[in-house]
Amino acid sequence: MDVRHFVSIEDVTPKWFMDLYSVCRDMIQNPERYVDACRGQVMASLFFEPSTRTNFSFQTAMMRLGGSVFGFSDPSGTAVAKGESLADTIRMVSAYADAVVMRSPFEGAATAGALYSEVPLINAGDGGHMHPTQTLTDLTTICEKRGKVGGITVGLCGDLKNGRTVHSLALALAQFPNIQFKFIAPREMAMPGYVLDALREQGQRYIEVTNLESSIPQLDVLYMTRIQKERFTDPLEYERNKGLYILTRRKLDRAKEDLLIMHPLPRVDEISPDVDGDSRAAYFDQARYGMFIRMALLYRLIHTPRQAASTAYDLTPRVCGNDRCITKTEEYLPNLTKGRNGETVCSYCDNPISRWVKKT
Ligand code: NCD
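This one's a predicted model, so the numbers in the text were calculated from it and none came from an experiment.

Parameters and conventions
Residues numbered from 1 in each chain as written. Predicted model: local features only at pLDDT ≥ 70, side-chain atom pairs only at ≥ 80, totals over all residues. Heavy atoms only, no water. Phe/Tyr/Trp six-rings, centres within 6.5 Å; stacked < 30°, edge-to-face > 60°. Salt bridge = Lys/Arg side-chain N within 4 Å of Asp/Glu carboxyl O. Helix = DSSP H or I, 4+ residues; strand = E, 2+ residues; numbered from the N terminus. Buried < 20%, exposed > 50% of the residue type's maximum accessible area, 1.4 Å probe, protein only. Near = heavy atom within 4 Å. Polar contact = N/O pair within 3.5 Å; in protein donor to acceptor, adjacent residues only side chain to side chain. Areas by Shrake-Rupley, 256 points an atom, 1.4 Å probe, with all protein chains shown as cover. Nonpolar A, V, L, I, M, F, W, Y, C, P; charged D, E, K, R; others polar. Axes fitted to C-alpha atoms, helices over the stretch in contact; angles between N-to-C directions. Parallel < 35°, antiparallel > 145°, perpendicular 65-115°, else oblique. Left-handed = near helix turned anticlockwise from the far one by under 90°. Contact = heavy atoms within 4.5 Å.

### Looking at the packing of aromatic side chains
What characterises a pair of aromatic rings is the spacing of the ring centres plus the angle enclosed by the ring planes. Scanning the entire structure with this criterion turns up nine aromatic pairs. One aromatic cluster is present, formed by Phe 181, Phe 183 and Tyr 206 through successive ring pairs.

Pasting the structure below:
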(Lines give C-alpha, C1' and ligand atoms only; values in the text may rest on other atoms or scores of the structure.)
Protein backbone atom coordinates (compact mmCIF):
# COMPACT_ATOMS: atom_id res chain seq x y z
CA MET A 1 0.00 0.00 0.00
CA ASP A 2 1.27 3.46 -0.86
CA VAL A 3 0.52 5.76 2.08
CA ARG A 4 2.08 9.20 1.62
CA HIS A 5 0.20 10.77 4.49
CA PHE A 6 -0.94 8.91 7.58
CA VAL A 7 -4.28 10.35 8.56
CA SER A 8 -6.76 7.50 8.86
CA ILE A 9 -6.50 4.04 10.31
CA GLU A 10 -8.65 2.86 7.44
CA ASP A 11 -5.54 3.12 5.20
CA VAL A 12 -3.83 0.40 7.24
CA THR A 13 -3.89 -3.23 6.12
CA PRO A 14 -2.39 -6.07 8.20
CA LYS A 15 0.34 -6.48 5.58
CA TRP A 16 1.23 -2.79 5.66
CA PHE A 17 1.39 -2.88 9.45
CA MET A 18 3.45 -6.09 9.60
CA ASP A 19 5.99 -4.59 7.14
CA LEU A 20 6.25 -1.49 9.31
CA TYR A 21 6.49 -3.62 12.44
CA SER A 22 9.44 -5.56 11.02
CA VAL A 23 11.32 -2.25 10.59
CA CYS A 24 10.28 -1.30 14.14
CA ARG A 25 11.62 -4.65 15.47
CA ASP A 26 14.97 -3.96 13.84
CA MET A 27 14.98 -0.47 15.38
CA ILE A 28 14.31 -1.94 18.84
CA GLN A 29 17.09 -4.51 18.45
CA ASN A 30 19.63 -2.44 16.52
CA PRO A 31 18.99 1.24 17.25
CA GLU A 32 22.57 2.15 16.27
CA ARG A 33 21.83 1.27 12.63
CA TYR A 34 19.32 4.11 12.41
CA VAL A 35 21.10 7.02 14.08
CA ASP A 36 21.60 8.72 10.71
CA ALA A 37 18.51 7.38 8.94
CA CYS A 38 16.86 10.83 8.78
CA ARG A 39 19.96 13.02 9.11
CA GLY A 40 19.29 16.49 7.67
CA GLN A 41 15.49 15.97 7.71
CA VAL A 42 13.19 18.19 9.74
CA MET A 43 9.89 17.30 11.44
CA ALA A 44 7.24 19.92 12.27
CA SER A 45 5.25 19.20 15.40
CA LEU A 46 1.94 21.10 15.45
CA PHE A 47 -0.02 20.41 18.63
CA PHE A 48 -3.21 22.44 18.72
CA GLU A 49 -4.29 20.33 21.72
CA PRO A 50 -2.31 19.19 24.80
CA SER A 51 -0.17 16.05 24.65
CA THR A 52 2.71 14.54 26.54
CA ARG A 53 3.36 11.01 25.26
CA THR A 54 2.46 11.46 21.61
CA ASN A 55 4.32 14.76 21.25
CA PHE A 56 7.43 13.59 23.13
CA SER A 57 7.51 10.20 21.45
CA PHE A 58 7.38 11.76 17.97
CA GLN A 59 10.08 14.26 18.90
CA THR A 60 12.38 11.65 20.38
CA ALA A 61 11.64 9.30 17.47
CA MET A 62 12.85 11.94 15.00
CA MET A 63 15.91 12.77 17.12
CA ARG A 64 16.87 9.08 17.37
CA LEU A 65 16.80 8.94 13.57
CA GLY A 66 19.27 11.84 13.45
CA GLY A 67 16.66 14.40 12.33
CA SER A 68 15.55 17.62 13.99
CA VAL A 69 12.28 19.05 15.17
CA PHE A 70 10.46 22.39 15.43
CA GLY A 71 6.89 23.30 16.30
CA PHE A 72 4.54 24.28 19.08
CA SER A 73 2.46 22.64 21.76
CA ASP A 74 0.30 25.71 22.39
CA PRO A 75 -1.06 27.56 19.32
CA SER A 76 -1.69 30.77 21.28
CA GLY A 77 1.77 32.09 20.36
CA THR A 78 1.37 31.46 16.61
CA ALA A 79 -0.31 33.06 13.57
CA VAL A 80 -3.24 30.67 14.14
CA ALA A 81 -4.15 32.93 17.07
CA LYS A 82 -4.27 35.84 14.55
CA GLY A 83 -6.86 33.95 12.49
CA GLU A 84 -4.66 32.10 9.99
CA SER A 85 -6.46 29.25 8.24
CA LEU A 86 -5.38 25.64 8.68
CA ALA A 87 -4.68 25.46 4.93
CA ASP A 88 -2.23 28.39 5.07
CA THR A 89 -0.53 27.10 8.21
CA ILE A 90 0.03 23.71 6.58
CA ARG A 91 1.19 25.21 3.25
CA MET A 92 3.73 27.33 5.10
CA VAL A 93 4.94 24.62 7.50
CA SER A 94 5.21 22.01 4.75
CA ALA A 95 7.53 24.38 2.87
CA TYR A 96 9.93 24.26 5.86
CA ALA A 97 9.62 20.64 6.99
CA ASP A 98 10.05 17.13 5.59
CA ALA A 99 7.17 15.74 7.67
CA VAL A 100 4.32 17.33 9.63
CA VAL A 101 2.85 15.80 12.79
CA MET A 102 -0.44 17.40 13.78
CA ARG A 103 -2.92 17.09 16.65
CA SER A 104 -6.16 19.07 16.61
CA PRO A 105 -9.33 19.26 18.72
CA PHE A 106 -11.41 19.10 15.49
CA GLU A 107 -12.53 15.85 13.89
CA GLY A 108 -11.16 15.36 10.40
CA ALA A 109 -8.47 18.05 10.82
CA ALA A 110 -5.67 15.76 9.61
CA THR A 111 -7.57 14.78 6.46
CA ALA A 112 -8.10 18.51 5.84
CA GLY A 113 -4.47 19.40 6.54
CA ALA A 114 -3.16 16.67 4.24
CA LEU A 115 -4.96 18.32 1.29
CA TYR A 116 -2.56 21.26 1.58
CA SER A 117 0.66 19.48 2.50
CA GLU A 118 3.36 18.54 0.02
CA VAL A 119 5.21 16.52 2.67
CA PRO A 120 3.84 13.57 4.67
CA LEU A 121 1.27 14.67 7.23
CA ILE A 122 0.68 12.42 10.24
CA ASN A 123 -2.48 12.49 12.34
CA ALA A 124 -1.49 12.62 16.01
CA GLY A 125 -5.16 12.72 17.08
CA ASP A 126 -8.12 14.66 15.60
CA GLY A 127 -10.61 15.49 18.34
CA GLY A 128 -12.66 12.50 19.41
CA HIS A 129 -12.35 10.92 15.96
CA MET A 130 -9.15 8.91 15.44
CA HIS A 131 -5.65 8.40 16.76
CA PRO A 132 -3.99 6.12 14.20
CA THR A 133 -0.43 6.29 15.54
CA GLN A 134 -1.67 5.22 18.98
CA THR A 135 -3.13 2.22 17.18
CA LEU A 136 0.27 1.44 15.64
CA THR A 137 1.60 1.57 19.20
CA ASP A 138 -1.15 -0.77 20.41
CA LEU A 139 -0.67 -3.29 17.59
CA THR A 140 3.08 -3.24 18.22
CA THR A 141 2.50 -3.97 21.90
CA ILE A 142 0.23 -6.93 21.08
CA CYS A 143 2.83 -8.30 18.62
CA GLU A 144 5.70 -7.82 21.06
CA LYS A 145 3.84 -9.49 23.92
CA ARG A 146 1.89 -12.21 22.08
CA GLY A 147 3.88 -12.76 18.88
CA LYS A 148 0.92 -11.93 16.59
CA VAL A 149 -2.25 -9.87 16.45
CA GLY A 150 -4.96 -12.34 15.32
CA GLY A 151 -7.00 -14.91 17.30
CA ILE A 152 -7.77 -12.83 20.40
CA THR A 153 -10.74 -11.63 22.42
CA VAL A 154 -10.35 -7.93 23.09
CA GLY A 155 -12.27 -5.89 25.65
CA LEU A 156 -12.34 -2.13 25.08
CA CYS A 157 -13.57 -0.40 28.22
CA GLY A 158 -14.51 3.15 29.25
CA ASP A 159 -15.41 6.19 27.19
CA LEU A 160 -15.81 4.46 23.83
CA LYS A 161 -17.83 7.38 22.48
CA ASN A 162 -15.23 10.11 22.87
CA GLY A 163 -12.03 8.06 23.07
CA ARG A 164 -10.35 8.33 19.68
CA THR A 165 -7.82 5.59 20.47
CA VAL A 166 -10.50 2.89 20.68
CA HIS A 167 -12.13 3.98 17.41
CA SER A 168 -8.89 3.52 15.51
CA LEU A 169 -7.96 0.35 17.37
CA ALA A 170 -11.29 -1.39 16.70
CA LEU A 171 -11.15 -0.51 12.99
CA ALA A 172 -7.58 -1.76 12.68
CA LEU A 173 -8.04 -4.97 14.69
CA ALA A 174 -11.08 -5.90 12.61
CA GLN A 175 -8.73 -6.38 9.64
CA PHE A 176 -6.89 -9.20 11.43
CA PRO A 177 -8.19 -12.80 11.55
CA ASN A 178 -10.40 -14.14 14.39
CA ILE A 179 -10.86 -11.09 16.55
CA GLN A 180 -13.74 -11.10 19.05
CA PHE A 181 -14.75 -7.71 20.45
CA LYS A 182 -16.38 -6.83 23.75
CA PHE A 183 -17.24 -3.15 23.99
CA ILE A 184 -17.62 -2.36 27.70
CA ALA A 185 -19.29 1.02 28.27
CA PRO A 186 -22.48 2.61 29.55
CA ARG A 187 -25.04 3.41 26.84
CA GLU A 188 -24.15 7.13 27.03
CA MET A 189 -20.54 6.38 26.12
CA ALA A 190 -21.05 3.56 23.61
CA MET A 191 -18.93 3.09 20.49
CA PRO A 192 -20.05 5.59 17.79
CA GLY A 193 -22.22 4.51 14.88
CA TYR A 194 -19.54 5.06 12.23
CA VAL A 195 -17.23 2.53 13.89
CA LEU A 196 -20.00 -0.04 14.38
CA ASP A 197 -21.15 0.49 10.76
CA ALA A 198 -17.62 -0.05 9.47
CA LEU A 199 -17.29 -3.24 11.54
CA ARG A 200 -20.63 -4.56 10.30
CA GLU A 201 -19.65 -3.75 6.72
CA GLN A 202 -16.67 -6.08 7.16
CA GLY A 203 -18.81 -8.80 8.76
CA GLN A 204 -16.98 -8.29 12.07
CA ARG A 205 -19.03 -9.32 15.11
CA TYR A 206 -18.97 -7.54 18.46
CA ILE A 207 -20.85 -7.55 21.78
CA GLU A 208 -21.75 -4.43 23.72
CA VAL A 209 -21.90 -4.89 27.52
CA THR A 210 -21.85 -2.64 30.57
CA ASN A 211 -20.17 -4.82 33.20
CA LEU A 212 -16.38 -4.91 33.38
CA GLU A 213 -15.85 -7.54 36.06
CA SER A 214 -17.95 -10.27 34.45
CA SER A 215 -16.24 -9.69 31.07
CA ILE A 216 -12.65 -10.03 32.29
CA PRO A 217 -12.30 -13.88 32.41
CA GLN A 218 -12.85 -14.27 28.63
CA LEU A 219 -10.37 -11.59 27.57
CA ASP A 220 -6.88 -11.88 26.06
CA VAL A 221 -6.51 -8.10 25.89
CA LEU A 222 -8.18 -5.55 28.18
CA TYR A 223 -7.83 -2.00 26.87
CA MET A 224 -8.84 0.53 29.52
CA THR A 225 -9.52 4.18 28.64
CA ARG A 226 -9.97 7.46 30.47
CA ILE A 227 -13.35 9.23 30.54
CA GLN A 228 -12.58 12.10 28.15
CA LYS A 229 -13.58 15.01 30.38
CA GLU A 230 -12.58 17.67 27.83
CA ARG A 231 -15.03 16.33 25.21
CA PHE A 232 -18.18 16.56 27.37
CA THR A 233 -20.40 19.54 26.59
CA ASP A 234 -22.54 18.79 29.65
CA PRO A 235 -20.47 18.73 32.89
CA LEU A 236 -23.23 16.76 34.64
CA GLU A 237 -22.89 13.97 32.09
CA TYR A 238 -19.19 13.77 32.96
CA GLU A 239 -19.97 13.69 36.69
CA ARG A 240 -22.44 10.84 36.13
CA ASN A 241 -19.87 8.74 34.29
CA LYS A 242 -16.56 9.43 36.01
CA GLY A 243 -15.19 6.65 38.16
CA LEU A 244 -17.55 4.12 36.57
CA TYR A 245 -14.87 1.61 35.62
CA ILE A 246 -11.90 1.08 37.91
CA LEU A 247 -9.66 -1.92 37.34
CA THR A 248 -8.18 -3.21 40.60
CA ARG A 249 -5.91 -6.15 41.39
CA ARG A 250 -8.89 -7.96 42.95
CA LYS A 251 -10.93 -7.74 39.74
CA LEU A 252 -8.11 -9.61 37.99
CA ASP A 253 -8.56 -12.72 40.17
CA ARG A 254 -10.47 -14.58 37.44
CA ALA A 255 -8.48 -13.11 34.51
CA LYS A 256 -6.34 -15.23 32.18
CA GLU A 257 -2.72 -15.60 33.22
CA ASP A 258 -1.51 -14.15 29.95
CA LEU A 259 -4.04 -11.31 29.79
CA LEU A 260 -2.56 -8.09 28.39
CA ILE A 261 -3.72 -4.98 30.25
CA MET A 262 -3.32 -1.95 28.02
CA HIS A 263 -4.07 1.79 28.31
CA PRO A 264 -3.04 4.62 25.96
CA LEU A 265 -2.35 6.83 29.03
CA PRO A 266 -2.71 9.26 30.69
CA ARG A 267 -4.81 7.41 33.26
CA VAL A 268 -6.92 9.16 35.85
CA ASP A 269 -8.42 6.52 38.16
CA GLU A 270 -9.48 3.74 35.77
CA ILE A 271 -6.51 1.51 36.62
CA SER A 272 -5.67 1.38 40.28
CA PRO A 273 -1.91 1.70 41.05
CA ASP A 274 -2.04 -1.76 42.69
CA VAL A 275 -2.28 -3.23 39.15
CA ASP A 276 1.04 -1.67 38.06
CA GLY A 277 3.13 -4.43 39.64
CA ASP A 278 1.10 -7.21 37.96
CA SER A 279 3.07 -8.94 35.20
CA ARG A 280 0.02 -8.55 32.93
CA ALA A 281 0.17 -4.72 33.06
CA ALA A 282 1.60 -3.66 29.69
CA TYR A 283 0.84 0.07 29.60
CA PHE A 284 4.28 1.44 30.40
CA ASP A 285 5.92 -0.87 27.85
CA GLN A 286 3.21 0.22 25.42
CA ALA A 287 4.34 3.86 25.76
CA ARG A 288 7.94 2.82 25.01
CA TYR A 289 6.99 0.79 21.93
CA GLY A 290 5.16 3.90 20.68
CA MET A 291 8.44 5.68 20.14
CA PHE A 292 9.90 2.82 18.06
CA ILE A 293 6.87 2.37 15.80
CA ARG A 294 6.77 6.16 15.27
CA MET A 295 10.45 6.00 14.30
CA ALA A 296 9.55 3.35 11.73
CA LEU A 297 6.64 5.43 10.44
CA LEU A 298 8.67 8.64 10.11
CA TYR A 299 11.49 6.74 8.42
CA ARG A 300 9.14 5.17 5.90
CA LEU A 301 7.12 8.30 5.08
CA ILE A 302 10.11 10.63 4.86
CA HIS A 303 11.77 8.30 2.36
CA THR A 304 8.64 7.99 0.21
CA PRO A 305 8.80 10.22 -2.91
CA ARG A 306 7.00 13.56 -2.47
CA GLN A 307 3.76 14.38 -4.17
CA ALA A 308 2.31 17.79 -5.07
CA ALA A 309 -0.75 18.73 -3.01
CA SER A 310 -3.92 18.15 -5.01
CA THR A 311 -6.13 21.03 -6.13
CA ALA A 312 -9.03 19.56 -8.13
CA TYR A 313 -11.92 19.36 -5.66
CA ASP A 314 -15.65 19.90 -5.60
CA LEU A 315 -15.96 23.28 -3.90
CA THR A 316 -19.77 23.23 -3.57
CA PRO A 317 -20.21 25.00 -0.25
CA ARG A 318 -21.57 22.70 2.44
CA VAL A 319 -20.89 22.24 6.07
CA CYS A 320 -21.10 18.99 7.98
CA GLY A 321 -23.82 18.70 10.63
CA ASN A 322 -21.28 17.46 13.20
CA ASP A 323 -20.37 20.46 15.41
CA ARG A 324 -16.93 19.01 16.05
CA CYS A 325 -16.04 18.57 12.36
CA ILE A 326 -13.14 20.63 10.98
CA THR A 327 -15.50 21.98 8.26
CA LYS A 328 -17.19 23.99 11.05
CA THR A 329 -14.18 26.25 11.48
CA GLU A 330 -12.43 25.92 8.08
CA GLU A 331 -15.35 26.79 5.84
CA TYR A 332 -13.38 26.87 2.56
CA LEU A 333 -12.71 23.11 2.70
CA PRO A 334 -13.80 21.16 -0.36
CA ASN A 335 -16.92 19.04 -0.24
CA LEU A 336 -15.47 15.55 0.22
CA THR A 337 -17.64 12.50 0.79
CA LYS A 338 -17.28 8.74 0.66
CA GLY A 339 -19.60 5.71 0.77
CA ARG A 340 -20.07 3.42 3.76
CA ASN A 341 -22.69 0.65 4.08
CA GLY A 342 -24.64 2.19 1.20
CA GLU A 343 -24.65 5.60 2.89
CA THR A 344 -22.69 8.73 1.96
CA VAL A 345 -20.54 10.08 4.79
CA CYS A 346 -18.31 13.13 5.37
CA SER A 347 -14.72 12.24 4.38
CA TYR A 348 -13.36 14.39 7.19
CA CYS A 349 -15.24 13.17 10.28
CA ASP A 350 -17.19 10.10 9.01
CA ASN A 351 -20.64 11.45 9.89
CA PRO A 352 -23.54 10.55 7.57
CA ILE A 353 -24.12 13.07 4.76
CA SER A 354 -27.80 13.27 5.68
CA ARG A 355 -26.65 15.32 8.63
CA TRP A 356 -24.93 17.89 6.40
CA VAL A 357 -26.54 21.31 5.99
CA LYS A 358 -25.95 23.64 3.08
CA LYS A 359 -24.12 26.85 3.99
CA THR A 360 -26.17 30.03 3.58
C1 NCD B 1 -4.76 9.45 24.28
C2 NCD B 1 -5.27 10.60 23.44
O3 NCD B 1 -4.67 11.68 23.42
O4 NCD B 1 -6.29 10.40 22.81
N5 NCD B 1 -3.47 9.65 24.78
C6 NCD B 1 -2.38 9.41 24.01
O7 NCD B 1 -2.24 9.91 22.92
N8 NCD B 1 -1.48 8.55 24.47
C9 NCD B 1 -5.72 8.98 25.31
C10 NCD B 1 -6.31 9.99 26.24
O11 NCD B 1 -6.02 11.19 26.23
O12 NCD B 1 -7.14 9.55 27.04
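Moving on from the model shown.
### A few points about the pattern of salt bridges
Per the counting criterion, the structure on display carries 23 salt bridges. Lys 145 is the salt-bridge partner of Asp 285, the closest N and O atoms lying 2.5 Å from each other. Placement of the pair is Asp 285 in helix H9 (residues 283-302) and Lys 145 in helix H5 (residues 132-146), with a sequence separation of 140 residues. Judged by its relative accessible area of 31%, Asp 285 is partly exposed. The class of Lys 145 is partly exposed, set by a relative accessible area of 36%. Its salt-bridge partner being Asp 258, residue Arg 146 comes within 3.9 Å of it at the nearest N-O pair. With Arg 146 in helix H5 and Asp 258 in the loop between helix H8 (235-241) and strand E9 (260-262), this pair connects stretches of sequence that are 112 residues apart. Exposure remark for Arg 146: the relative accessible area of 28% places this residue in the partly exposed category.

### What about the site of the ligand?
In the vicinity of the ligand, the contacting residues are Arg 53, Thr 54, Arg 103, His 131, Gln 134, Arg 164, Thr 165, Arg 226, Gln 228, Pro 264, Leu 265 and Pro 266. Between the ligand and the protein, one listed contact pairs a nitrogen atom with a side-chain N or O atom of Gln 134 at 3.3 Å. Between the ligand and the protein, one listed contact pairs a nitrogen atom with a backbone N or O atom of Pro 264 at 3.0 Å. Contact with the protein chains covers 94% of the free accessible surface of the ligand, which is 310 Å². Looking at the shell around the ligand, the elements with two or more residues in it are helix H2 (53-64) and helix H6 (164-173). Of the residues assigned to the shell around the ligand, the class counts are three nonpolar, five polar and four charged.

### Things to note about the packing of H2 against H9
A pair of packed helices can be characterised by two numbers: the angle between their axes and the separation between those axes. In the contact formed by H2 and H9, the axes pass within 8 Å of each other and the chain directions differ by 55°. On the basis of the axis angle, H2 is oblique to H9. Crossing geometry of H2 relative to H9 is assigned as right-handed. Facing H2, whose interface residues are Arg 53, Thr 54, Ser 57, Phe 58, Thr 60, Ala 61, Met 62 and Arg 64, H9 presents Ala 287, Met 291, Arg 294, Met 295, Leu 298 and Ile 302. Among the residues making up the contact of H2 with H9, the classes are represented as eight nonpolar, three polar and three charged.

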